[in-house]
Amino acid sequence: MRNCPYGMASHAKSAAFALAAGLAMCKGAIAADGDLDPTFGTLGFALTGLTTAGFELPPKPIVQPDGKILICSRLDSGGASGGDFFVARFNPDGTLDTDFDFDGKVTIDFDGRNEGCNALALQADGKIVAIGSSSETSSSSDFAIARLTPDGSLDPTFGAGTGKAIVPFDVGGTFSDTAATVALQPDNKILVAGWAEAATGIDMAIVRLLPDGTRDTTFNGTGRVTIDFSFPGTGSIDQADSIVVEDSGKILLGGVAETTSGSFDFALARLLPNGQLDPSFDADGRATIGFDLGNTNSDLSYQTIRQRDGKIVMVGAADTGSGTANNDFAIARLLPDGSPDPGFGVGGKVVVPFDIVTNGADVATGVVEDSVGRLVVVGGGISSSGTEASSLALRLLPDGTLDDGFGNFGKQIYAFGGTYELFTGVTLQGTQIIAEGIVQSGTSPDTVSDNVVARMEVDLIFADGFE
């Protein structure tokens, strides 16, 4: 079977990366939007203090209503189990929150299995849902879900008293199922999505759980749904990385779909509340968005969000190379019905190169809409050798043009002292930007060290662009 597409250096979304703490980027005498906030952590960023942190898929930070910041990742525990879920909580100023399991850090093991946390969700009651993959054998894995109380302990009202639940799909192949993203419905039901290995390929997969962690059988009869975007004649690789719950109760899945052998497009599927594909969305409930600018025509999405006006934004990487590998930040905006938004970029698409190195891979991993409709996009710039990377961010105006009031003509490069580092996700803390990432000091992207959280300054007094 071919490799899955996700991942930074190798175009497969399940690579691990690493970090070592160090220096903040140089700042001018006058702070500008996008500069690190020196009042946060140390010179604008904070570390968890781990030495064996990493991630399977790019995790996104969450800011609680009280301003505290939640992050998750994989923690290499060594030995037979391999890895555990890791969740950390920071105070609003970037210090670790000692009210969260005494030191601000929690690890979760699923009975000696090998697992890693890929995403978090915060319930209205302050409980924390953590999801990821848990490997039963070297070739098979299941969706893994844990719920924590606000103090960081496992929630005994979830998972039959254990605080943990395992959900297999087991629909084909080696039964390799990966949970990548989580969202909460207003009725407190939990949606977890990713992908499941099928008999002839890999399909998007989603499960809906009741608040106690059992499967909701009103959702497609079994609580589980798989979605195939197969191109004719062979099994394709289709993977979900994002869930958006619409006001109507419909469920939007964002991710990637293989459209021809080895080539991928951004992909969307919309489900009715009962788990069936919504035929009013692009005729059959499924849509693909291709940039098709390079030699492989391989475009990978890493996050999908819904703006306040109902428009859909997807970010990732577009292959723009001609004969050699080269990826750039790729952003698409769609109207609520799944059609391209003509008021954004060119035909609803924007491509932004950083090109720190020739033929490098610039990968957008996260996006957030600010209070005035601008898009903050973060990610990493990876060298052609795959051994060095930098943390990147940009800001777009509502029409898709770069906002020259942010960073250096709309773009900013950050350094935290590592040789291989990148942002994995972004959110807002009031008006300020919070980015989660990973950094390492070695030369191999498989040798991971610590998680990093950074805060960037934003001055909305000049949000009209006349800075």
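Look above for the structure.
Treat the numbers as computed from the prediction; the structure is a model and nothing was measured.

Enquirer: How should the overall build of the protein chain be read in this particular structure?
Expert: Regarding its fold elements, the protein chain presents 0 helices and 29 strands. Taking all contacts inside the protein chain whose residues are at least 6 apart in sequence as the whole, residues at least 24 apart take part in 55%.

Enquirer: Sorry if this is basic, but what is going on with unusual backbone geometry here?
Expert: Most peptide bonds are trans, and most residues other than glycine sit at a negative phi. In this structure, Asn 188 is a non-glycine residue whose phi angle is positive, near 75 degrees. Relative to the helices and strands, Asn 188 is located in the loop between strand S11 (177–184) and strand S12 (190–197). The partly exposed category is assigned to Asn 188, whose relative accessible area is 42%. A positive phi angle is found at Asp 292, which is not glycine, with a value near 50 degrees. Within the element layout of this structure, Asp 292 appears in the loop between strand S18 (286–289) and strand S19 (299–306).

Enquirer: Is there a simple way to explain the pairing of strand S26 (residues 411–414) in this structure?
Expert: The side chains of a regular strand alternate, first on one face of the sheet and then on the other. By the alternation rule, side chains of S26 split into Gln 412 and Tyr 414, which are all buried, and Lys 411 and Ile 413, of which none is buried. Judged from the 4 bridges that link them, strand S25 (residues 389–396) and S26 form a sheet pairing that is antiparallel. The partner of Ala 393 across the bridge, within S26, is Gln 412.

Enquirer: How do you make sense of the environment of Pro 38 when you look at a structure like this?
Expert: Assignment of secondary structure puts Pro 38 in the segment before strand S1 (45–47). When the C-alpha atoms of Pro 38 and Arg 455 are compared, they prove to be 8.5 Å apart, with 417 residues separating the residues in sequence.

Enquirer: Help me understand the pattern of salt bridges, please; the structure alone is not making it clear to me.
Expert: Tallied over the entire structure, the rule returns 20 salt bridges. With a shortest N-O distance of 3.8 Å, Arg 306 and Asp 247 are connected by a salt bridge. Taken together, the residues span a long stretch of sequence, with Arg 306 in strand S19 and Asp 247 in the loop between strand S15 (238–245) and strand S16 (251–260) at a distance of 59 residues. Each of Asp 33, Asp 370, Arg 374, Arg 395 and Asp 403 takes part in salt bridges that share partners, so that together they form one network.

Enquirer: Could you clarify how one ought to interpret the sheet that holds S18 in this entry?
Expert: The strands making up a sheet associate through hydrogen bonds between their backbones, and the pairing can be parallel or antiparallel. Strand order across the open sheet formed by 4 strands is S15-S16-S17-S18, with antiparallel pairing between neighbours. Every interior strand has two partners, whereas the edge strands, S15 and S18, have only one. The average undirected angle you get between the axes of adjacent strands in this sheet is 30 degrees. As judged from the 9 bridges shared by S16 and strand S17 (residues 263–271), these two strands associate in the antiparallel manner.

Enquirer: Please explain the sheet that holds strand S14 (residues 224–227) as it appears in this structure.
Expert: Across the sheet, which stays open at both edges, the 4 strands sit in the order S11-S12-S13-S14 with antiparallel pairing between neighbours. In this open sheet, the two edge strands, each paired with only one partner strand, are S11 and S14. Strand-to-strand, the axes of this sheet are offset by a mean angle of 20 degrees, without reference to chain direction. Sheet analysis places S11 next to S12, joined by 7 bridges and oriented antiparallel. By the bridge assignment for S12, Leu 184 is matched with Ile 190.

Enquirer: Just checking my understanding: could you explain the packing of aromatic side chains for this structure?
Expert: The geometry of two aromatic rings is summed up by the distance between their centres and the angle between their planes. Evaluation of the coordinates by the stated rule reveals 7 aromatic pairs. Look at Phe 143 and Phe 169: their rings are 4.9 Å apart centre to centre, the planes differ by 55 degrees, and that puts the pair in the tilted class. One end of the pair, Phe 143, is in strand S9 (residues 141–148); the other, Phe 169, is in the loop between strand S10 (164–167) and S11, with 26 residues separating them in the sequence. In this structure, Phe 143 and Phe 169 share a single accessibility class: buried. One aromatic cluster is present, built from ring pairs that chain together Phe 45, Tyr 414, Phe 416 and Phe 423. Its guanidinium or amino end placed over the ring of Phe 291, Lys 349 lies 5.6 Å from that ring's centre, counting from NZ or CZ. A cation sits over an aromatic face here: Lys 411 above Phe 354, 5.1 Å from the ring centre.

Enquirer: Any chance you could explain the side chain of Asp 238 here in plain terms?
Expert: By the element assignment, Asp 238 lies in strand S15. At 3.0 Å, the side chain of Asp 238 and the side chain of Ser 236 are in polar contact. Within the structure, Asp 238 has its side chain in polar contact with the backbone nitrogen of Glu 258 (distance 3.4 Å). Aside from chain neighbours lying at most four places away, what touches Asp 238 is Trp 195, Ile 202, Asp 203, Met 204, Ile 227, Asp 228, Phe 229, Ser 230, Val 256, Ala 257 and Glu 258.

Reading the values: the criteria
Residues numbered from 1 in each chain as written. Predicted model: local features only at pLDDT ≥ 70, side-chain atom pairs only at ≥ 80, totals over all residues. Heavy atoms only, no water. Helix = DSSP H or I, 4+ residues; strand = E, 2+ residues; numbered from the N terminus. Contact = heavy atoms within 4.5 Å. Buried < 20%, exposed > 50% of the residue type's maximum accessible area, 1.4 Å probe, protein only. Pairing = 2+ DSSP bridges. Salt bridge = Lys/Arg side-chain N within 4 Å of Asp/Glu carboxyl O. Axes fitted to C-alpha atoms, helices over the stretch in contact; angles between N-to-C directions. Phe/Tyr/Trp six-rings, centres within 6.5 Å; stacked < 30°, edge-to-face > 60°. Lys NZ or Arg CZ within 6 Å of the ring centre and 35° of its normal. Polar contact = N/O pair within 3.5 Å; in protein donor to acceptor, adjacent residues only side chain to side chain.

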